[in-house]
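Working through the structure, step by step
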Amino acid sequence: MAATQLPAWRVILVDDDREDYLLTRSMLSNAQGHPIALEWAQDCGAGRKMLSTNRYDAVLVDYELGRENGIQLIREFTAQAYPAPFILYPSRGSYAVDIEAIQAGATLCLPKTEATPLLLERSLR
């Protein structure tokens, strides 16, 4: 009996750093439990547009996004009852940013420095 191919989870990364996108894509390409299709928005404006026109299964958001920060984006879309969980995915973590992200509606704060392929996949599950 052939294994049934699961549909890929659609995940968006809102991050202004291409290297971070490539690293995240590489980590998620090794997902063992469920295939993950990662899309990339290079700034808050692109992220807003993509979130407004697409349904994602999860949203990864960097903290520092030029003139805006990822918490503003999380706050905006959770206020609109966007159906996917938001994970703040900052380059550096701090207790204050973690608390602010959770208060804004983030499900989790996972600093990139702590992310491994397994932990990132587990966080998305």
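Described in the following lines is the structure provided in the data block.

What counts as what
Residues numbered from 1 in each chain as written. Predicted model: local features only at pLDDT ≥ 70, side-chain atom pairs only at ≥ 80, totals over all residues. Heavy atoms only, no water. Pairing = 2+ DSSP bridges. Helix = DSSP H or I, 4+ residues; strand = E, 2+ residues; numbered from the N terminus. Contact = heavy atoms within 4.5 Å. Axes fitted to C-alpha atoms, helices over the stretch in contact; angles between N-to-C directions. Core = buried A, V, L, I, M, F, W, Y, C linked by side-chain atoms within 4.5 Å. Buried < 20%, exposed > 50% of the residue type's maximum accessible area, 1.4 Å probe, protein only. Right-handed = clockwise from strand over helix to strand, strands pointing away. Parallel < 35°, antiparallel > 145°, perpendicular 65-115°, else oblique. Nonpolar A, V, L, I, M, F, W, Y, C, P; charged D, E, K, R; others polar.

A few words now on the sheet that holds strand E3 (residues 58-61). The parallel open sheet is built from 5 strands, whose spatial order is E2-E1-E3-E6-E7. Two strands bound the open sheet, and with one partner strand each, they are strand E2 (36-41) and strand E7 (108-109). In terms of strand pairing, E3 meets strand E6 (residues 86-88) through 3 bridges, oriented parallel. Paired with Val59 across the bridge in E6 is Phe86. Of the strands in this sheet, strand E1 (9-14), E3 and E6 touch helix H3 (residues 70-79), which is tilted by about 165 degrees from E6.

Time to look at the nonpolar core. Core analysis: the largest hydrophobic core is formed by 23 residues, its most contacted members being Ile12, Leu51, Val59, Val61, Tyr82 and Phe86. Mapped onto this core, the elements with two or more residues apiece are E1, helix H2 (44-53), E3, H3, E6 and helix H4 (95-104). The biggest single contributor to this core is H3, with 4 residues. If near-sequence neighbours (up to four positions away) are discounted, Ile12 is found in contact with Leu38, Glu39, Ala41, Met50, Leu51, Tyr56, Ala58, Val59 and Leu60. Ranked by size, the runner-up nonpolar core spans 16 residues in total, among them Leu13, Tyr21, Leu28 and Leu110.

This part is about the pairing of E2. Note: E1 against E2, 6 bridges, orientation parallel. Considered in E2, the bridge of Ile12 is made with Glu39. With helix H1 (residues 18-29) bridging E1 and the parallel E2, this β-α-β connection has right-handed handedness.

When two helices pack together, their arrangement is given by the angle between their axes and by how far apart the axes lie. Contact geometry of H1 with helix H5 (residues 117-124) gives a least axis separation of 8 Å together with a crossing angle of 80 degrees. Between H1 and H5, the angle falls in the class roughly perpendicular. Each of Thr24, Met27 and Leu28 in H1 lies in contact with H5, whose residues at this interface are Pro117, Leu120 and Leu124. Its residues assigned to classes, the contact of H1 with H5 comprises 5 nonpolar, 1 polar and no charged.

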